[in-house]
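Breakdown of the fold
Here are the chains, one letter per residue:
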Amino acid sequence: MMAYENEGFEEAHPYASPHEDMESLVLHDDDTNNNLSKSNGGAHGRDDNQRHYPHNSFNSFLEPPSYAEAVFRSFDGDHTKQINSHGVVSTSMPSTNSDYLKISVTDPREEEDLVAGGNTYVTYLITTWTNLPEFNGTEFSLRRRFKDIVTLSDRLSESYRGFFIPMRPDKSVVGKQVTQKQEFVEQRRMALEKYLKKLAAHPVIRRSEELRVFLQVQGKLPLMKTTNMASRMVDGAVKLPKQLFGEPVESAKGGGDLLRIFKELRQSVTYGWGATKPPLVEEDKEFMEKKMKLQEFELALGNVSLQAESLVKAQQDIGETMGQLGLAFVKLTQFETNEAMFNSQKARARDMKNVSTSAVKASRLYRELNAQTIKHLDKLHDYLGVMLDVNNAYSDRSNALLTIQTLVSEVSALNSRIEKLEAVAFKVFGGDSSRIQKLEELKETMRVTNEAKNQAVREYEYIKENNKIELERLDKERREDFIGMMKGFVVNQVGYAEKMSSAWEIVANETSGYAERCR
Amino acid sequence: MITTQRSHTGGGGLQSPRSPSSQPPFLSVSVTDPAKMGNGVQAYISYKVITKTNFPDYQGPEKIVIRRYTDFVWLRDCLFKKYKGIFIPPLPEKSTVEKFRFSAEFIEMRRQALDSFVNRIALHHELQHSEDLRTFLQADEQTMERARSQDTGIFKRKPADLMQIFRDVQSKVSDVVLGKEKPVEETNPEYEKLKRYIFELEDHLAEAQKHAYRLVKRHRELGQSLSDFGKAIKLLGACEGDALGTAFSELGAKSEMLSIKLQREAHHLLMNFEEPLKDYVRAVQSIKGTIGERANAFRQQCELSETIKLKEIDLNKLRLTRSEKMLDAEHEYEELKADGEEATRRFETIVKLMNEEIIRFQDEKTQDMGLAFHEFAKGQARLANGIADAWRSLIPKLDALTLSSS
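Predicted model, so just to flag it, every value in this text is computed and none were measured.

Let us look at the overall build of chain A. Tallying secondary structure elements over chain A gives 12 helices and 5 strands in all. Taking all 519 residues of chain A together, 52% fall into the buried category. In chain A, of all internal contacts separated by at least 6 residues, the share reaching a separation of at least 24 is 75%. Of the roughly 24,800 Å² of accessible surface on chain A, 56% is carried by carbon and sulfur atoms.

If you want it as structure tokens, here you go:
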């Protein structure tokens, strides 16, 4: 549970360590856990790795590796890269100095639900490799089911309000039927792995107790399952402010809670779900500007993502057609060779063979280019996902503000009731004992509510701080990721274009005689 | 526009004895300046045909006439009729799609094809002497129109139609159905091989051309998506601001620039690779027409041969009976014999010409395709280099960004 003890500090520090520590975490993290999901956390090194791999598809062309080839080779497969704080290329393997947290999700198995009786559910083997100190051990595994993931996700949402927490995979029911079950289970396994990797990549969450317990503590998940109705409704309709139905952060009395819940609900309805238009305007102008900019960014990103998809398709199509053209010429070559009655046919067959060879080569190059392009441009999709996480974090903030407002209005309502009652209670000589008793109760309630309000304010400030820190982290990571993405995309294009050019230049040279004859 | 040379080392032909020191004979033609004429349904394209020559029968040194597509068709039909055995250069098809007919691209493709057509005729050692060619290149528009309308109807049949007849005639099924006897065919194995070759070649070429055309489209599509992608990236750059935003903007700009390169390459590919392939297909189809003509000539020869034999029998019968019909019969017999000889001569000319033509054709196609392949490869290499250069220019900037971001 995140350290929100009732210390009564006016300032909230999200972590024990100062801000700089997070940065150092970011820079020194090994990226062995960053194979696919490098969305919003962890290490970012992925540029300019001059590793050379012994078996590489380009060796088959028997061409000397060019600069571009050496550089973009590093984007093959899941090889990860590193960048140190000076942005200089480094080829370091995971060293014992940097810490790592690698998670894999494997071996889905169907198990009997002994509690529910008759039902079955799927468990997954979660294996962790780490050298982080809080884990006792470097390698361990256990089995978890999807429900546990939901619990983990909910707990994290409650404890880390204001953070850009990666969203867990959907609960979708479609596909659970037997016929599609295998595919569904495999998709879920991949999604779970991606999710856990994202969590492990987040500088704060990877150190969280919730995650540790999930990964390490055997047996039934000891994270308390909340009466979190919001979680159950999340995948369906509206996303209710999680805090409303969760564990009360404030120590208010029972009855008052329920009333407050409905008040907040009403206010929420008035201002729209997760809206930020309460009577008290969000005073942080900077925050509002930032929010709007992020919305613009989200739109632009969505657009780029769309166009990237059509670019990928166009690259695929041209590669295919080039291949078909090549094949057509292969057939023609064979035909002319077999049927050759004249030397001119033999010459033509030779020319066709060269063309077909280059066309087939070009086709293969397009295919490879595309595979790499997809990997690079996938960053865009990742960040679209991150934007959703950001929106959640902003919702946390606006909900916290809503809570404050609700409590404030409650306090003032109580205050006016007290004043009225006071006016009446002491009119009677000696005091109206029942009314005085009531007055005492009210005063107590108000004291408690006021306490709750103060705590809500602290919570709000805490979330605000988290937002701010996360925004900075996002900016930095996004910047690095996007530069890396652009660089990767560009280098990739250069490399393949160079290869295609040399393939075609061979043919152009060998057929140059025909051009001269024309003059 | 190619200057004609005597590709055939036989005969002095047009070398004028009056001017032994004059330059060798040449006939140089070009088809240029397409212009839209008329309106609505009647609209058509007219072309300027420029002839530069020192041929004695021609109005030299230069003559310009205006011709339209149907004039070219007339010329092709005349040549097809009069020069049996020779592979008449192919013409571009009539456009069936109304909208496309007047697009700049279509007009340019057609102009190029018509130019090729006339040039090939002018280059051909036999065809270049054709009277019809001279009419086509020199006559004024009224004469041309008269000539055109005179011959329409007779030569409306395209070589493709003749081919259809040829094919039907070869089909056993139709023979059985129609109760026809199997018609006479050559049994020359080499010729059989040639016929098979031509038919299969057409199929192979048609497939290659289909993919070539698709490749042109793919270039256009890739260009379009690069343009859209570039624009989108630029917008993203505007959101980012500062150095990163600038980098995005530049990336977007490069992408848009490459889009233009791709469109250009698509056009180049169309005109210099796809069209020559299409031209090759048409040429093969034209040969099929010649094959049909040869079959006709062979059949005629056979039929006449049969008729002559029968006539001889008749004649002998009449000779025996000393009938008054005998003289007439003898007359007819002599005529038939002359026709028979004529038919044989015609057939043998076709065979001889075809043998020469096939060599010429193969040489020509190797040259034509060699050039087309060269242009294709050159274009692709140029495009790839352009792409590499454009993206490469961004790398130093991105490197600088990486260094500054930490």
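Time to look at the packing of helix α1 (residues 69-82) of chain B against helix α4 (residues 131-138) of chain B. All names here are of chain B. It is the contact of α1 with α4, at a shortest axis distance of 9 Å, that shows an interaxial angle of 170°. Looking at the two axes, α1 sits roughly antiparallel to α4. Across the interface between the two elements, D71, F72, W74, L75, C78 and K82 of α1 pack against D132, L133, T135 and F136 of α4. Across the contact of α1 with α4, the residue classes tally to 6 nonpolar, 1 polar and 3 charged.

Before going further, it helps to examine the pattern of salt bridges. Residue and element names in this part refer to chain B. Inspection of the entire model under this criterion finds 66 salt bridges over all chains. Close ionic contact of E256 with K231 constitutes a salt bridge, the shortest N to O distance being 3.9 Å. Of this pair, E256 sits in helix α9 (residues 242-321) while K231 sits in helix α8 (residues 189-240), and the two are 25 residues apart along the sequence. You can call K231 partly exposed: its relative accessible area is 45%. A salt bridge links K309 to E306; its shortest N-O distance comes to 3.9 Å. Placement of the pair is K309 and E306 together in helix α9, with a separation of 3 residues, close to one helical turn. Each member of the salt-bridge network shares a partner with another, and the members are R120, D279, E357, R360, E364, K365 and D368.

So, about the nonpolar core. Core analysis: the largest hydrophobic core is formed by 110 residues, its most contacted members being A:F329, B:F273 and B:W391. Sorting the residues of this core by element identifies α9 (285-339), α10 (343-425) and α11 (433-510) of chain A together with α8, α9, α10 (325-392) and α11 (395-405) of chain B as the ones contributing at least two each. Top contributing element to this core by residue count: α9(B), with 21 residues. When near neighbours in sequence (up to four residues on either side) are disregarded, B:W391 contacts A:F489, A:V490, A:Q493, A:V494, B:L226, B:L251, B:K254, B:S255 and B:L258. In terms of nonpolar packing, the next biggest core, distinct from the first, is built from 41 residues, A:I126, A:I165, A:A400 and A:I404 among them.

Before going further, it helps to examine the environment of A:K443. All names here are of chain A. On the secondary structure map, K443 appears in helix α11. A relative accessible area of 37% means that K443 is categorised as partly exposed. Between the C-alpha atom of K443 and that of Q187, which follows or precedes it by 256 residues, the distance is 56 Å.

The next thing to look at is the sheet that holds strand β2 (residues 44-53) of chain B. Residue and element names in this part refer to chain B. Here we have 3 strands laid out as an open sheet, ordered β1-β2-β3, and antiparallel in their pairing. Edge positions in the sheet fall to β1 (27-37) and β3 (62-68), since each of these pairs with one other strand and no more. Strand after strand, the sheet turns through a mean of 20° between neighbouring axes, direction not considered. As judged from the 9 bridges shared by β1 and β2, these two strands associate in the antiparallel manner. Residue K36 lies in a different strand from β2, and its bridge partner there is I45. The strands that α1 touches are β1, β2 and β3; relative to β3, the one it contacts most, it runs at about 100°.

Residues and elements named next belong to chain A. Residues at a pLDDT of 70 or more form 67% of chain A, whose mean pLDDT is 73. Segment residues 1-96: pLDDT under 50, and 207 contacts once partners within four positions in sequence are set aside and those in other chains are kept. Here residues 270-280 scores under 50 on pLDDT; set against residues more than four positions off or in separate chains, the count is 20 contacts.

Predicted coordinates in areas of low pLDDT are best not read in detail. All names here are of chain B. Averaged over every residue, the pLDDT of chain B is 85; residues scoring 70 or more account for 85%. Within chain B, no element has a lower average pLDDT than helix α7 (residues 172-178), which sits at 48, and none a higher one than α8, at 95. Within the model, the stretch residues 1-16 combines pLDDT values under 50 with 33 contacts to residues more than four positions away or in other chains. In this model, residues 172-177 is a region of pLDDT below 50 whose contacts with residues beyond four sequence positions or in other chains number 7 contacts. Predicted complex, confidence summary: ipTM 0.84, pTM 0.74.

Each value, and the rule that gives it
- Within any chain, residue numbers begin from 1 and follow the written order of that chain's sequence.
- Lettering of chains starts at A and numbering of ligands starts at 1, both following the order in which they are written.
- Given that this is a predicted model, residues contribute local features only at a pLDDT of at least 70 and side-chain atom pairs are listed and counted only at 80 or more, while totals for whole chains, interfaces and linings are drawn from all residues.
- To obtain the side-chain values, all non-hydrogen atoms of the structure were used and water was disregarded.
- Each helix corresponds to a stretch of at least 4 residues labelled H or I by DSSP, and each strand to a stretch of at least 2 residues labelled E; elements are numbered beginning at the N terminus.
- Partly exposed residues are those whose accessible area sits between 20% and 50% of the maximum for their type, while under 20% is buried and over 50% is exposed, using a 1.4 Å probe and protein chains only.
- The contact definition used throughout considers only heavy atoms, calling two residues in contact when any of these lie within 4.5 Å.
- Only the protein chains shown count as cover for residues, and all accessible areas are computed by the Shrake-Rupley method using a 1.4 Å probe.
- Angles run from 0 to 180 degrees between N-to-C directions of axes, and those axes are lines fitted to C-alpha atoms, restricted for helices to the stretch in contact.
- Small angles under 35 degrees read as roughly parallel and large ones over 145 as roughly antiparallel, with 65 to 115 read as roughly perpendicular and the rest as oblique.
- Residue type decides the class: Asp, Glu, Lys and Arg count as charged, Ala, Val, Leu, Ile, Met, Phe, Trp, Tyr, Cys and Pro as nonpolar, and the leftover types, Gly among them, as polar.
- The salt bridge criterion pairs a side-chain nitrogen of Lys or Arg with a carboxyl oxygen of Asp or Glu, the two atoms within 4 Å.
- Nonpolar core, defined: a set of buried Ala, Val, Leu, Ile, Met, Phe, Trp, Tyr and Cys residues in which side-chain atoms within 4.5 Å join the residues together.
- Between any two strands, at least two bridges found by DSSP are needed for them to pair.
- A residue's pLDDT is the predictor's confidence in that residue, given on a scale from 0 to 100.

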